[in-house]
Amino acid sequence: MSASPPPSTIALIAGNGVYPETFVRAARKAGVDRLVVAGFIDETRPNLEETVDAMAWFRVGQLSKMIAFFKKEGVKHVVMVGQIAPKNLFDLRPDLRLLMMLARLKRRNAETLFGGIADEMKKDGIELLPATTFLEEFMPAAGHVAGPNPKKRRWEDAEYGFTIAKASSKLDIGQTVVVRNGTVLAVEAFEGTNEAIKRGGALGKGSATMVKVSKPNQDMRFDVPVVGPDTISTAAAAGVDVIAVEAGMTLILDQSEVFRRCAELKVSLLAVGE
């Protein structure tokens, strides 16, 4: 994307959190002329509408209506930015097009669902771009990123947790684990990252390490690992004082606030890799 002029129009399929706002700023900086947004009721922040050129609101499951909106707006390129709460993915009220797509899926998880949506949009000439488009600067390289630089033992826990999280994500269980002194305290599943942090932190008694990774062969068009200010606060409140993310594969959003909270709450943020 960065080596050639950006598309004149890009649409966002916008979930919750600061991710959509971060993308809007980065896309404007990169020279995108027109930004169109598909927002979701009870998910997308309403103030996003003030920063873009066109926006429409949908319920999760209204695939035909969303694609029709993109076609009306002349959209040829789309990015998925921001999460949809897991409970909403399993509380779909699908329209006929989505219902037919779901019927073709052998498994129903975030990867197959979003991949299916990408395939449906492609039928209408709409390409799904990587979720990290224009955001490469927000993906840290290996090393100490923010907060206190922990002792060797905590780095070892981060590396151990990385191995466990990679194995867990390969089985499509979850991409986050919490460890302490070489012991796994919690593994993320359907409940989501924050609940896994809370469970693991309670068992770690103030000295736990959370590790978040990408899936093997991660499809960078969606479900990319993200850490933001709320992750830092949730971890600190739960007793997790080290957070390790996968180097070069994880977005750190609202970086100045993340760094401020790491310093204030004494949470170490690290980037580790293979």
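Throughout what follows, the structure given in this document is the object of discussion. What you see is a predicted model, and the numbers here were worked out from it, not measured in a lab.

Reading guide: rules and limits
Residues numbered from 1 in each chain as written. Predicted model: local features only at pLDDT ≥ 70, side-chain atom pairs only at ≥ 80, totals over all residues. Heavy atoms only, no water. Helix = DSSP H or I, 4+ residues; strand = E, 2+ residues; numbered from the N terminus. Rg over C-alpha atoms; globule rule 2.2 N^0.38 Å. Buried < 20%, exposed > 50% of the residue type's maximum accessible area, 1.4 Å probe, protein only. Contact = heavy atoms within 4.5 Å. Areas by Shrake-Rupley, 256 points an atom, 1.4 Å probe, with all protein chains shown as cover. Lys, Arg positive; Asp, Glu negative; His and termini not counted. Charge placed at Lys NZ, Arg CZ, Asp CG, Glu CD. Axes fitted to C-alpha atoms, helices over the stretch in contact; angles between N-to-C directions. Parallel < 35°, antiparallel > 145°, perpendicular 65-115°, else oblique. Left-handed = near helix turned anticlockwise from the far one by under 90°. Nonpolar A, V, L, I, M, F, W, Y, C, P; charged D, E, K, R; others polar. Pairing = 2+ DSSP bridges. Core = buried A, V, L, I, M, F, W, Y, C linked by side-chain atoms within 4.5 Å.

1. So, the overall build of the protein
Argument step 1. Scanning the protein from N- to C-terminus turns up nine helices and 13 strands.
Argument step 2. Against the compact-globule benchmark of 19 Å for 274 residues, the protein has a radius of gyration of 19 Å, which places it among compact chains.
Argument step 3. Each of the three principal axes of the protein carries a C-alpha extent, and together these read 55 × 40 × 30 Å.
Argument step 4. Of all 274 residues assigned to the protein, the portion counted as buried reaches 52%.
Argument step 5. Of the contacts formed within the protein by residues at least 6 apart in sequence, a portion of 72% connects residues at least 24 apart.
Argument step 6. On the protein, roughly 12800 Å² of surface is accessible, and the fraction owed to carbon and sulfur atoms is 53%.
Argument step 7. Distance from the positive charge centre (35 side chains) to the negative charge centre (33 side chains) of the protein: 3 Å.

2. Re the packing of helix α7 (residues 193-204) against helix α8 (residues 229-238)
Each pair of packed helices can be summarised by the angle the axes make with each other and by the distance between the axes.
Argument step 1. Where α7 meets α8, the closest approach of the two axes is 8 Å, and the angle between their N-to-C directions is 25°. The pairing of α7 with α8 is recorded here as roughly parallel in orientation. Between α7 and α8 lies a crossing whose hand is right-handed. Each of Asn 194, Ile 197, Lys 198, Gly 201 and Ala 202 in α7 lies in contact with α8, whose residues at this interface are Thr 231, Thr 234, Ala 235 and Ala 238.
Argument step 2. Of the residues assigned to the contact of α7 with α8, the class counts are four nonpolar, four polar and one charged.

3. Points about the sheet that holds strand β3 (residues 54-58)
Argument step 1. The parallel open sheet is built from five strands, whose spatial order is β3-β2-β1-β4-β5. Of all the strands in the sheet, the pair left with one neighbour each is β3 and β5 (127-128).
Argument step 2. Relative to strand β4 (residues 77-81), strand β1 (residues 9-14) runs parallel, the two sharing four bridges. Along β4, the bridge assignment pairs Leu 12 with Val 79.

4. With respect to the nonpolar core
Within soluble globular proteins, side chains that are nonpolar generally end up buried alongside one another.
Argument step 1. The biggest cluster of nonpolar side chains holds 29 residues, and the ones touching the most others in it are Ile 13, Met 66, Phe 70, Val 78, Ile 117 and Met 121.
Argument step 2. Mapped by element, the contributors of at least two residues to this core are β1, β2 (34-40), β3, α2 (63-72), β4, α4 (96-104) and α5 (110-123).
Argument step 3. Tyr 19, Ala 26, Leu 48 and Leu 135 belong to the second largest nonpolar core, which has 27 residues in total.

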